[in-house]
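# Inside the fold
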Protein chains: 2
Amino acid sequence: MQRERSTAGLVTALERVVGASQLKVGNDIPDVALRDWSDELGGTPLALVTPRHTDAVAAVMRLCHGYDTPVVPQGGRSGLAGGAVPSEGAVLLSLAGLDRIEEIDVASGLMVVGAGCILQRIQEAALDAGLSFPLDLGARGSCQIGGNIATNAGGNRVIRYGMTRELVLGLEVVLADGTILPMMNRMPKNNAALDLKHLFIGSEGTLGVITRAVLKLHPGVGGANAALVAVADFEAAAGLLRHAQRELSCRVTAFELMWNDYYRAVLAETGQRAPVAPDHALYALIEMQGANADAERPGFEAMLETAFEAELVIDAAVAQSQREVEAFWSLRDGVAEILSRRAPTINFDVSLPLARIGECVDEIRAALEAAFPALQLIFFGHAGDSNIHLVAGPITDVDPTGHGIEKTVYEIIRTYGGSVSAEHGIGLHKKPWLAYSRSESELAMLRHLKRSLDPKGILNPGKVL
Amino acid sequence: MQRERSTAGLVTALERVVGASQLKVGNDIPDVALRDWSDELGGTPLALVTPRHTDAVAAVMRLCHGYDTPVVPQGGRSGLAGGAVPSEGAVLLSLAGLDRIEEIDVASGLMVVGAGCILQRIQEAALDAGLSFPLDLGARGSCQIGGNIATNAGGNRVIRYGMTRELVLGLEVVLADGTILPMMNRMPKNNAALDLKHLFIGSEGTLGVITRAVLKLHPGVGGANAALVAVADFEAAAGLLRHAQRELSCRVTAFELMWNDYYRAVLAETGQRAPVAPDHALYALIEMQGANADAERPGFEAMLETAFEAELVIDAAVAQSQREVEAFWSLRDGVAEILSRRAPTINFDVSLPLARIGECVDEIRAALEAAFPALQLIFFGHAGDSNIHLVAGPITDVDPTGHGIEKTVYEIIRTYGGSVSAEHGIGLHKKPWLAYSRSESELAMLRHLKRSLDPKGILNPGKVL
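Predicted model, so just to flag it, every value in this text is computed and none were measured.

### Considering the interface of chain A and chain B
With 82 residues of chain A in contact, the opposing surface of chain B contributes 82 residues. In total, about 6200 Å² of surface goes out of reach between chain A and chain B, with carbon and sulfur atoms giving 61% of it. Considering only the side of chain A, the residues that lose the most area to chain B are Lys 189, Asn 191 and Leu 194 of chain A, jointly responsible for 15% of the buried surface there. Across the contact surface, chain A and chain B share 4 salt bridges. Its salt-bridge partner being Asp 385 of chain B, residue Lys 189 of chain A comes within 3.8 Å of it at the nearest N-O pair. Seen at the junction of chain A and chain B, the total is 34 residue pairs in polar contact (both at pLDDT 80 or more). With 8 residues, the top contributor of residues to the side of chain A that touches chain B is helix α13 (residues 440-453) of chain A. Class assignment for the residues of the side of chain A that touches chain B results in 35 nonpolar, 30 polar and 17 charged.

### Thoughts on the environment of Asn 185 of chain A
Residue and element names in this part refer to chain A. Mapped onto the elements of the fold, Asn 185 is located in the loop between β9 (180-183) and β10 (209-216). Here Asn 185 falls in the buried class, since its relative accessible area comes to 12%. Asn 185 sits 111 residues away from Gln 74 along the chain, and the two C-alpha atoms are 24 Å apart. Apart from residues no more than four positions distant in its own chain, Asn 185 is found in contact with Leu 169, Gly 170, Asn 190 and Val 214.

### Side note on the UniProt feature "domain: FAD-binding PCMH-type" (unreviewed entry) in chain A
The positions UniProt marks with the feature "domain: FAD-binding PCMH-type" (unreviewed entry) are residues 41-220 of chain A. Summarising residues 41-220 of chain A: 18% helix, 24% strand, and an end-to-end C-alpha distance of 41 Å.

### A word on the sheet that holds strand β9 (residues 180-183) of chain B
Residue and element names in this part refer to chain B. Judged by pairing direction, the sheet is antiparallel, and its 5 strands sit side by side in the order β5-β6-β10-β8-β9 without closing on themselves. Every interior strand has two partners, whereas the edge strands, β5 (101-105) and β9, have only one. The sheet shows a mean angle of 10 degrees between the axes of neighbouring strands, direction not considered. Direction of pairing for strand β8 (residues 168-174) relative to β9: antiparallel, over a ladder of 4 bridges. Within the sheet, the bridge partner assigned to Glu 172 lies in β9 and is Pro 182.

### Looking at helix α3 (residues 119-128) of chain A
All names here are of chain A. Taken together, the buried positions of α3 are occupied by Leu 119, Ile 122, Gln 123, Ala 125 and Ala 126. Buried residues along α3 cover an arc of 165 degrees about the axis, so they all sit on one side. With respect to the buried face of α3, the exposed residues turned more than 90 degrees away are Leu 127 and Asp 128. Of the surrounding secondary structure, the elements contacted by the buried residues of α3 are β5 (101-105), β6 (110-114), β7 (131-132), α4 (145-150) and β10. The positive-phi residue at the C-terminal boundary of α3 is Gly 130, with phi of around 80 degrees.

### Examining the pattern of salt bridges
Overall, the coordinates contain 44 salt bridges over all chains when judged by the stated rule. With a closest N to O distance of 3.7 Å, Asp 349 of chain A and Lys 430 of chain A form a salt bridge. You can see Asp 349 of chain A sitting in strand β16 (residues 346-351) and its partner Lys 430 of chain A sitting in the loop between α12 (403-415) and α13, a full 81 residues away along the chain. Note that Glu 411 of chain B is salt-bridged to Lys 407 of chain B, the shortest N-O span being 2.8 Å. Of the two residues, Glu 411 of chain B and Lys 407 of chain B both sit in helix α12 (residues 403-415), 4 residues apart, roughly one turn of that helix. Owing to a relative accessible area of 29%, Glu 411 of chain B belongs among the partly exposed residues under this scheme. By sharing partners, the salt bridges in this structure join Glu 102, Glu 172 and Arg 212 of chain A into a single network.

### A word on the relation of the copies chain A and chain B
Mapping chain A onto chain B calls for a rotation angle of 180 degrees and an axial translation of 0.0 Å; the resulting RMSD is 0.0 Å. Such values leave the two copies arranged in the relation of a two-fold axis. Among all residues of chain A, the one whose C-alpha sits closest to the rotation axis is His 198 of chain A, at a distance of 3.1 Å. A share of 100% of interface residues in chain A that are also interface residues in chain B marks the association as one of identical surfaces.

### Quick notes on the domain arrangement of chain A
Residues and elements named next belong to chain A. Each assigned domain of chain A is listed here: domain 1 (2-94), domain 2 (101-219), domain 3 (223-335) and domain 4 (343-424). Every contact between the two is made by 5 residues of domain 2 and, on the other side, 12 residues of domain 3. Together domain 2 and domain 3 conceal approximately 650 Å² of surface at their shared face, both sides included; 47% is due to carbon and sulfur atoms. Across the domain 2-domain 3 interface, the total number found is 1 salt bridge. Note that Arg 157 is salt-bridged to Glu 287, the shortest N-O span being 2.9 Å.

### As for the nonpolar core
One finds Phe 200 of chain A together with Phe 200 of chain B to be the most contacted residues of the largest nonpolar core, which totals 249 residues. Setting aside residues up to four positions removed in sequence, Phe 200 of chain B forms contacts with Met 445 of chain A together with Ile 149, Ala 150, Leu 171, Val 173, Leu 175, Leu 181, Met 183, Leu 207, Gly 208, Ile 210 and Leu 453 of chain B.

### Considerations on the environment of Ile 395 of chain A
All names here are of chain A. Topologically, Ile 395 is positioned in the loop between β18 (387-392) and α12. Placed 23 residues apart in sequence, Ile 395 and Phe 372 show a C-alpha to C-alpha distance of 9.5 Å. Contact partners of Ile 395, with chain neighbours within four places excluded, come to Pro 344, Ile 346, Leu 375, Pro 400, Gly 402 and Ile 405.

### Structural notes on α12 of chain A
Residues and elements named next belong to chain A. Spanning 13 residues, α12 covers 18 Å between terminal C-alpha atoms, matching the ideal 18 Å at 1.5 Å per step. For α12, every residue scored as buried is listed here: Ile 405, Glu 406, Thr 408, Val 409, Tyr 410, Ile 412 and Ile 413. Residues of α12 that are buried in the fold lie against β16, α11 (357-371) and β18. Gly 417, located one to two residues past α12, shows a positive phi value of around 70 degrees.

### Re the packing of aromatic side chains
Summed over all chains, the structure comprises 13 aromatic pairs over all chains. Measuring from ring centre to ring centre gives 5.4 Å for Trp 433 of chain A and Tyr 436 of chain A, while their planes differ by 85 degrees; the resulting arrangement is edge-to-face. Tyr 436 of chain A matches Trp 433 of chain A in its accessibility class, with the two residues each being buried. On the basis of an interplanar angle of 40 degrees and a centroid distance of 5.1 Å, the ring pair of Tyr 410 of chain B and Trp 433 of chain B is categorised as tilted. On the criterion of sequence distance, the pair formed by Tyr 410 of chain B in helix α12 and Trp 433 of chain B in the loop between α12 and α13 (440-453) is long-range, its members being 23 residues apart. Using a relative accessible area of 1% as the deciding quantity, one classes Tyr 410 of chain B as buried. Classification of Trp 433 of chain B by relative accessible area gives buried; the value is 10%. The ring of Tyr 436 of chain A carries Arg 414 of chain A above its face, with NZ or CZ at 3.8 Å from the centroid.

### Some thoughts on the sheet that holds strand β14 (residues 282-290) of chain A
Residue and element names in this part refer to chain A. Pairing within the open sheet is antiparallel, and its 7 strands lie in the order β15-β12-β14-β13-β17-β18-β16. Both outer strands of the open sheet, β15 (315-318) and β16, are each paired with one neighbouring strand and no more. Geometrically, the sheet is characterised by an average inter-axis angle of 15 degrees between neighbouring strands, direction not taken into account. Direction of pairing for strand β12 (residues 223-231) relative to β15: antiparallel, over a ladder of 4 bridges. Bridge pairing in β15 links Leu 228 to Ala 317. Sitting on the sheet, helix α7 (residues 260-270) is in contact with β12, β13 (254-259), β14 and β17 (377-381), with an inclination near 100 degrees to β17. Lying over the sheet, α12 contacts β16 and β18, oriented at roughly 10 degrees with respect to β16.

### Some points on unusual backbone geometry
Along the chain, Ala 343 of chain A connects to Pro 344 of chain A via a cis peptide bond; the corresponding omega equals -5 degrees. Looking at where Pro 344 of chain A falls in the secondary structure, it is placed in the loop between α10 (335-342) and β16. A cis amide bond links Gly 393 of chain B to the next residue, Pro 394 of chain B, at an omega of 10 degrees. Of note, Pro 394 of chain B is situated in the loop between β18 (387-392) and α12. You will see that Asp 68 of chain B, though not glycine, has its phi angle at about 50 degrees, which is positive. Along the chain, Asp 68 of chain B turns up in the loop between α2 (54-66) and β3 (71-74). Judged by relative accessible area, Asp 68 of chain B falls into the partly exposed class, the value being 48%. Unlike most non-glycine residues, Cys 250 of chain B shows phi in positive territory, near 60 degrees. With respect to the helices, strands and loops of the structure, Cys 250 of chain B is situated in the loop between α6 (234-247) and β13 (254-259).

Conventions and cut-offs
- Residues numbered from 1 in each chain as written.
- Chains lettered and ligands numbered in written order.
- Predicted model: local features only at pLDDT ≥ 70, side-chain atom pairs only at ≥ 80, totals over all residues.
- Heavy atoms only, no water.
- Contact = heavy atoms within 4.5 Å.
- Buried area = accessible area lost by both parts, 1.4 Å probe.
- Salt bridge = Lys/Arg side-chain N within 4 Å of Asp/Glu carboxyl O.
- Polar contact = N/O pair within 3.5 Å; in protein donor to acceptor, adjacent residues only side chain to side chain.
- Helix = DSSP H or I, 4+ residues; strand = E, 2+ residues; numbered from the N terminus.
- Nonpolar A, V, L, I, M, F, W, Y, C, P; charged D, E, K, R; others polar.
- Buried < 20%, exposed > 50% of the residue type's maximum accessible area, 1.4 Å probe, protein only.
- UniProt positions renumbered as here; feature names shortened; annotations may be inferred.
- Pairing = 2+ DSSP bridges.
- Axes fitted to C-alpha atoms, helices over the stretch in contact; angles between N-to-C directions.
- Arc of directions from axis to C-beta.
- Least-squares fit on C-alpha atoms with pLDDT ≥ 70 in both.
- Domains from an automatic or database assignment.
- Core = buried A, V, L, I, M, F, W, Y, C linked by side-chain atoms within 4.5 Å.
- Expected span 1.5 Å × (residues − 1).
- Phe/Tyr/Trp six-rings, centres within 6.5 Å; stacked < 30°, edge-to-face > 60°.
- Lys NZ or Arg CZ within 6 Å of the ring centre and 35° of its normal.

Right, dumping it as structure tokens:
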């Protein structure tokens, strides 16, 4: 009774703060607010609020803090780890209302945005200004920049532009008690005390709610050179990457590796023509974006020629047009078709010390084949960043819960000092495995920080830790 | 008496932990341990210990924590903000004994080092392995990597390789109570929960003692192309930078700006030949390192030609050899001669939103000329990174304490949303001005973190906050 009265009081107060049109309760909360792109199931939320400015976010946090009520921040809900699914009785705090592109400062190479801006809109606004915002991932049309920052999103071109962290100059965050913490730095260099924004980048909404950001823009890009090459083994692939980075002064914008199982699967599922014969151990898609792709082609081809001479490459197809660059990428993006054909699958997102990726993949494959002979596997990933993806499935008749497969893989990742999450984050889905990649002292420090910044534990409770 | 007994007990216990040869007390503490490259004066330390491994550092911290005794971590003591000068009664904790290069992993592009390794030794070890560690600054021959990380050092090539932060993959830190916090990540991508190392990078020894690090290495560099160009005003300089970054796909490794006052002063003080006539408003040194400087020259020159056509550049000298590249750099490095000739000076290290650097410099110059007509000024800096240096002096007969000059400059920096420290940190020297660049909420969060991680306040007390 006490709880009900208190709940009703909170809802009334929230309505006063955000306005009736920006509040939903009970069955009015749309289904899409109850899940993300993972299959994690959350609890039943109390309400969904969609404030339109930072002060309203702060007021929502103050109220929920006063009522000891959990808050789950939500961006575009395209996360793969369950970081944004509702906690039982929580207020869902959608940032979709903070969707202003406030400023583009071409001369400083930066953009000021609200956390609710869709990534693709930011990319397009940068392009319109003659610049680029290089963060890019499959969910670009629905993910919000606040969520990208809260999860330190990776994507296709991390090797050249870094993770989301490297693209954030400044942040504004609302803390658990409603305090607004402005850190809207606009400079690449600022050593006036500790850089506090890193407390929130990658914290998955557990330490604060990101409301605004200053983003770093890069020069616009005119096109790309790309090649699809076959290599004999991982050692050759790693040697090719070093060679390319040295010869091209680190202009490589993608180095996507595909093991033979992936390459054959994507050709079969998508019906695409094979640019290079499908009987090699490994394939790499190497891309170099630049201001003028035609002028940069000779240098790119010279790099490939010396790679042939050094026996790093067995076979190669070089894109002769931007259309062919896209065709190579469609081999990499074709993973979507494989995923839907083989569902239900388990999709791993791990990282490993680069030098040991080859042997680790071999060990994982052997262990899974021994334990689950009928399981289909494909290995691929952003190998240039140390990030490997593995899709295992369908798991239906093999290991329906997937836990046996997960345990097999993560036990091996642990022995290599790898990470159970290279880019997707921990959320709910990877909580059981976090201790495989972080020491007990690190976990203790994470818990200590959480208690210190959110003593009531209301911010995205149960996620990550 | 209690205090004396307790002090003697601590010294005895420290000796047991580090060994008699690694402990100095009283007059045996060498003078060099009492100061850094700033003119900040510290207190009288209790002892200087130089442990040889992490466990001994942890034991020292446990002891000092138990005795409530302050600890001042010391690297190469080349800081310019007084961050490493002794606190009264403190134990000076030198990391010089942790000087092992433990591992170079060429295939993964990383190096594992002790915090006490001298930067230049790390650079040379990377070169010997065919790679490069691109952090570079004047103190390279004496500064230690632990200090570089603790201060998030900048330097000459931040525009291309980032601050020290961007070059650190993993860290090992000893906390105030002696807990060892291992975070020796080897992967560029690791989103398994919050990335805790950022709590310590740039914390200036106030939150933990850095003992080891995993460093990111870059491909080796074969040479550089460089030009010294004259431009009409800051707007043209900023336009030239954007043009160069676009045309060269962000391969610019330095964009050093020199205002006319600097250019004339360095020519006069060093007697060097002027590559470009000294009657222009601004000069930029543009450098592009790469695998093969000769092969890359046509692209570099084409960039300059289109800059001329776009009227971004008035005059230019292009280096025809590596010797000429070095000659251009000696104009920039000649600041050392100006500093010694004009001593005592005040040396500012500020950053500003890039677009507004020109007007802000004009405003600072006008304000200083009005208030201190006899004061000599030179403006220069890593403008591509938003970082400007100003040397004002000699100040002897103008403003002997320098406080008036500092106040004039920092008041203007504040109105532009700039930073009072782009790269040198806060230490003791800039404490009075920290609030000019950080909001009250940020300062409150910094204090909160300090209390949370070092409740007894023993780690580098009185620094930064």
